[in-house]
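# Structural overview for review
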Amino acid sequence: MFHCLSTHSRKQQLIVSGTPRPQNTDSMGSIAFPSLPYRPPGQVLPTTQWGHVFRSQGETIELKQIPVGKPGPDEVLVQIEYSGVCHTDLHAWKGDWPVAPKSNLVGGHEGVGLVAAIGSQVRDLRIGDTVGIQWVNRTCGICEFCAAGNQPLCPQLQLSGYTVDGTFQQYTICKADNAIRIPPGIALEEAAPVLCAGITVYKALKESNVQPGQIIAIVGAGGGLGSLACQYAKACGHKVLAISSGAAKRAMCLYDLGADYFVDYKSSNMTEEVKQVTGGGPHAAMIVSSVEEPFHQAAKYIRPGGTIVVVGLPPGGMTTDFFSLVTQKISVKGSYVGNRTETEEALAIIVRSGFRVQFNVVDFAELPKTYELMETGQMKGRTVLKIGKDASGYPDRRSQFFGDTSPVRYNNEAKGYVSGALGQAIDKAGRDFRSDTVTVPTEPVMQAIINASTFGDDIYDEGGDPAVNAFQDKIKALTGKEAALFVLSGTQGNQICLRTHLHQPPHTILLDYRAHVQTWETGAIPLLSQATVTGVEPKNGVHLTLDDIKDRIVEENNFHFPPTRIVSLENTLGGSILPLRDAREISNYVRNVRVPPGRPRIAMHLDGARLLEAVTAERVDIKEYLSYFDSASICLSKGCGAPMGSVIVGTKEFIDRTIWFRKMFGGATRQTGMMAAAASAALDHNLPLLPEVHARTRRVADYLRRIGYEFLMPVDTNMIVLDLKKMGIPGDAIVEYCKKQGLYTFPSGRLAFHHQISDDGISRLQKALMELMTDRRRF
Ligand SMILES: *Cc1c(COP(=O)(O)O)cnc(C)c1O
Ligand SMILES: [Zn+2]
Ligand SMILES: [Zn+2]
């Protein structure tokens with residue numbers, strides 16, 4: 001039949017005179033399309049919505065108000081967040097296909113969103129689940145094709161955006177059995193193009209019957225489908241021969257897509273070249289290009305017994321030499337889209353292997369413009385329309401540090417463990433959102449402990465323990481500070497630093513009124529350092545700025561007031577970043593406050609328990625950040641994943657002095673080498689995972705925002721702080737709802753993410769919080 005694959009381009013003139021006028025324009029000048037926030041369950045759904053409609057083929061596409069459908073007993077209504085745009089949508093509109101679509105059609109068949117309503121017979125989908133709607137919208141479920149997993153061949157097949165309305169509207173209906181379950185670990189906008197482009201090439205790969213280690217030729221590897229095909233083939237363990245043309249495509253295929261071989265289809269003896277580089281021809285060839293010639297070429301170079309899978313639709317028919325087809329046992333197959341299970345496999349492969357789908361997101365209203373670019377061949381990669389809108393009306397609680405750049409994907413199932421008990425602990429950590437301190441040591445960390453066989457005495461041995469020294473040297477190199485000292489905890493690190501800076505009362509420490517050193521360290525400051533504190537509330541509600549502290553500094557000129565000796569900052573605080581710019585401004589100011597002759601200038605201390613999270617997310621240089629501070633304490637047992645310990649940094653003179661207080665505060669330990677070695681291995685292992693942890697945190701935050709949650713702080717790093725008070729949700733309720741799902745949370749509404757949080761943990765969390773939101777009115 002006909003489908004979404006790349007087709008022979010018919011150079012038709014596109015009529016875009018009917019480009020919809022934007023309904024209104026926001027202050028930024030961009031189109032404020034009439035988007036709707038997701039309505040949490042219990043709220044009444046709207047009866048009308050916006051959608052792109054055309055009356056019949058070739059007629060103007062209009063963005064207009066249309067009714068919201070009601071799902072039948074076995075159907076779901078999905079509020080679409082994103083929809084990819086496929087060539088088939090263009091052809092449906094332009095009338096390039098042999099069969100005409102329904103009239104007054106809403107196109108689109110790569111849509112993802114949240115279930116907004118379910119039919120009475122739907123059992124395994126719930127309101128709020130993230131699902132996708134693809135080409136196969138409805139199948140009978142019982143015919144011989146459906147029974148054999150060949151749903152796309154079902155005689156009663158209904159097609160999204162062709163025979164039924166598709167995903168270029170705010171609410172789309174689909175049979176529940178055909179809705180794709182979107183796993184966590186992939187952004188919704190990234191999942192959208194997988195629903196057609198991704199599954200098309202993944203299904204073709206399956207049809208090719210190529211085995212792991214065997215070679216598959218991807219013909220048209222440089223294009224959108226081809227590049228996806230190369231990556232799927234690599235992820236499934238095949239060797240890839242990329243066939244395309246030109247030096248740029250060659251570099252892209254070999255270096256970006258990881259192809260094993262490259263042959264230029266324009267080279268004069270290309271079939272011979274293919275046979276030569278592949279040692280007798282590829283075992284299979286997937287043809288995604290839409291010209292005829294590559295098919296004839298493939299028939300010549302394919303390995304005897306091999307399979308040619310045709311995905312592209314060249315014009316005209318197929319002529320081939322039956323003699324070689326028969327005697328060489330060559331199969332030629334057409335491949336169509338996959339079924340639901342296969343699409344879910346295609347999504348899972350991306351989550352697991354971490355390759356990136358190329359796409360760009362544009363406004364919902366820009367569909368006609370997108371078609372124009374596709375028609376004129378100017379489209380690069382896949383275009384995804386943004387249709388949904390965030391529920392939260394608090395833009396000041398949005399992170400400024402978004403930007404999901406190719407994070408290292410982690411595989412939270414494959415981590416080795418050394419014992420059954422540890423395995424169970426890792427499993428539990430996967431569902432534990434109380435703190436990022438709950439991570440358990442991974443096998444490399446345990447191994448490092450065993451290997452740190454020096455077991456020196458860090459106190460008695462001259463020069464200290466070699467493993468401790470090696471670790472401290474590593475921290476010096478990382479932070480650019482002159483000296484580093486391993487301490488037992490963050491509290492100990494902070495209090496040692498503060499005590500070391502302070503010489504003779506009276507004195508005061510200026511800090512954020514929420515600062516850990518003041519509020520969470522058992523009142524240590526007045527006891528250990530005889531200092532008072534001046535707590536400041538940041539005007540922006542998130543972090544301190546120079547403006548907040550300028551006139552709160554007490555200079556040493558009036559004996560009524562204890563002079564400020566330390567300004568203590570915290571990054572991150574509640575998961576939110578104190579940006580580099582503000583740290584620099586504060587530091588420059590504080591360091592230039594005049595002090596009487598002979599007095600040290602006011603010290604800058606940083607409680608950098610999660611500094612590594614902060615500088616990773618803000619993408620700033622940790623050395624520069626720390627250059628604005630005289631001392632800092634960095635936790636190793638949080639996101640870094642060390643079993644225990646913190647480290648403090650400063651000048652050599654300062655750290656030499658802290659050693660006295662470490663001893664005095666009970667922190668001078670003996671065979672510390674194994675703990676330092678564990679921390680060192682944990683840093684190596686876990687620091688590269690932080691961007692992915694942050695990306696996953698943001699995805700959950702996006703989800704929660706859509707279903708109506710509000711946040712106390714911007715979600716910049718690995719924490720979500722819910723504003724329970726504002727939403728009227730009691731803290732106990734969140735604990736109770738999460739517990740029902742086997743999750744661990746605190747009643748504060750803070751959810752901490754770390755590298756051991758599992759996909760399953762995230763699914764359960766979303767489920768629990770959706771349920772809580774649904775029942776909210778009961779509290
Ligand atoms: C965790 C933390 C600390 C230190 O806590 P310990 O439990 O003593 O290691 C210090 N400051 C902040 C901001 C923290 O989050
Ligand atoms: Zn398609
Ligand atoms: Zn059927």
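Being a predicted model, the structure only gives us computed values, none of them experimental.

## Examining the overall build of the protein
Within the protein, the secondary structure is distributed over 26 helices and 27 strands. Out of the 779 residues in the protein, the part that is buried amounts to 56%. Accessible surface for the protein amounts to roughly 32,100 Å². Of this, 52% is attributable to carbon and sulfur atoms.

## Some remarks on the side chain of S680
Relative to the helices and strands, S680 resides in helix α22 (residues 673-686). Given the relative accessible area of 15%, S680 is considered buried. For S680, the side chain forms a polar contact with the side chain of K474, separated by 2.8 Å. With sequence-adjacent residues up to four places away left out, S680 is seen in contact with F471 and K474.

## A closer look at the coordination of the zinc ion (ligand 3)
With distances of 2.3 to 2.4 Å, the protein atoms coordinating the zinc ion (ligand 3) are C140 (SG), C143 (SG), C146 (SG) and C154 (SG). One can describe the site at the zinc ion (ligand 3) as tetrahedral: its four donor atoms subtend angles covering 103 to 116° at the metal. Going along the chain, you hit the donors of the zinc ion (ligand 3) in the pattern C-x2-C-x2-C-x7-C. Within this pair, whereas C140 is found in the loop between β7 (136-138) and α2 (144-147), its partner C154 is found in the loop between α2 and β8 (158-159), the two being separated by 14 residues in sequence. With a relative accessible area of 22%, C140 lands in the partly exposed category.

## Details of the site of ligand 1
Close to ligand 1 lie S489, G490, T491, N494, H516, E521, E570, D607, A609, R610, C635 and K638. Between ligand 1 and D607 there is a distance of 2.6 Å, counted from a nitrogen atom to a side-chain nitrogen or oxygen. At 2.6 Å, a side-chain N or O of K638 approaches an oxygen atom of ligand 1. Looking at which element gives the most residues to the shell around ligand 1, the answer is helix α14 (residues 490-501), with three residues.

## As for the packing of aromatic side chains
The tally for this structure, following the rule as stated, stands at eight aromatic pairs. When the centroid spacing of 5.6 Å and the interplanar angle of 40° are considered together, the rings of Y202 and Y232 count as tilted. One end of the pair, Y202, is in helix α3 (residues 188-208); the other, Y232, is in helix α4 (residues 224-235), and 30 residues separate them in sequence. Pairing Y232 with F355 gives two aromatic rings, centres 5.0 Å apart and planes at 80°, and the pair type is edge-to-face. With Y232 in helix α4 and F355 in the loop between α9 (340-353) and β17 (359-363), the pair connects residues that are 123 residues apart, well separated along the chain. Take Y232 and F355: they sit in the same class, and that class is buried. The rings of Y202, Y232 and F355 are connected pair by pair, giving a single aromatic cluster. Here the basic side chain of K94 rests over the ring of W93, its NZ or CZ set 5.9 Å away from the ring centre.

## Details of the packing of helix α23 (residues 690-706) against helix α26 (residues 759-774)
At a minimum axis separation of 11 Å, α23 and α26 run at an interaxial angle of 20°. Looking at the two axes, α23 sits roughly parallel to α26. Helix-helix and strand crossings are classified by hand; for α23 and α26 the assignment is right-handed. Contacts between α23 and α26 pair R696, V700, Y703 and L704 from the former with D759, I762, L765, Q766, L769 and M770 from the latter. Looking at the contact of α23 with α26, its residues break down into seven nonpolar, one polar and two charged.

## So, the environment of Q530
Along the chain, Q530 falls in the loop between α16 (524-529) and β21 (532-536). Taking C-alpha positions, Q530 is 8.8 Å from R499, a pair spaced 31 residues apart along the chain. Leaving out residues up to four positions away in the same chain, Q530 has contacts with P505, H507 and I525.

## Structural notes on the sheet that holds strand β15 (residues 307-310)
Reading across from one edge, β13-β12-β11-β14-β15-β16 is the order of the six strands in this open sheet, with parallel pairing throughout. The open sheet has two edge strands, β13 (261-264) and β16 (331-334), and neither has a second partner. The average undirected angle you get between the axes of adjacent strands in this sheet is 20°. Bridge count for strand β12 (residues 239-244) against β13 is four bridges, and the pairing is parallel. Of the residues in β13, the one forming a bridge with S244 is D264. Seen against the sheet, helix α5 (residues 247-256) touches β12 and β13 and runs at an angle of roughly 160° to β13. Sheet contacts for helix α6 (residues 270-277): β12 and β13; angle to β13, the most-contacted strand, approximately 170°.

The rules behind these values
Residues numbered from 1 in each chain as written. Chains lettered and ligands numbered in written order. Predicted model: local features only at pLDDT ≥ 70, side-chain atom pairs only at ≥ 80, totals over all residues. Heavy atoms only, no water. Helix = DSSP H or I, 4+ residues; strand = E, 2+ residues; numbered from the N terminus. Buried < 20%, exposed > 50% of the residue type's maximum accessible area, 1.4 Å probe, protein only. Areas by Shrake-Rupley, 256 points an atom, 1.4 Å probe, with all protein chains shown as cover. Polar contact = N/O pair within 3.5 Å; in protein donor to acceptor, adjacent residues only side chain to side chain. Contact = heavy atoms within 4.5 Å. Donors = N, O, S within 2.8 Å, 3.2 Å for Na, K, Ca; no water. Tetrahedral: all angles 85-135°; square planar, octahedral: opposite > 155°, others 65-115°. Near = heavy atom within 4 Å. Phe/Tyr/Trp six-rings, centres within 6.5 Å; stacked < 30°, edge-to-face > 60°. Lys NZ or Arg CZ within 6 Å of the ring centre and 35° of its normal. Axes fitted to C-alpha atoms, helices over the stretch in contact; angles between N-to-C directions. Parallel < 35°, antiparallel > 145°, perpendicular 65-115°, else oblique. Left-handed = near helix turned anticlockwise from the far one by under 90°. Nonpolar A, V, L, I, M, F, W, Y, C, P; charged D, E, K, R; others polar. Pairing = 2+ DSSP bridges.

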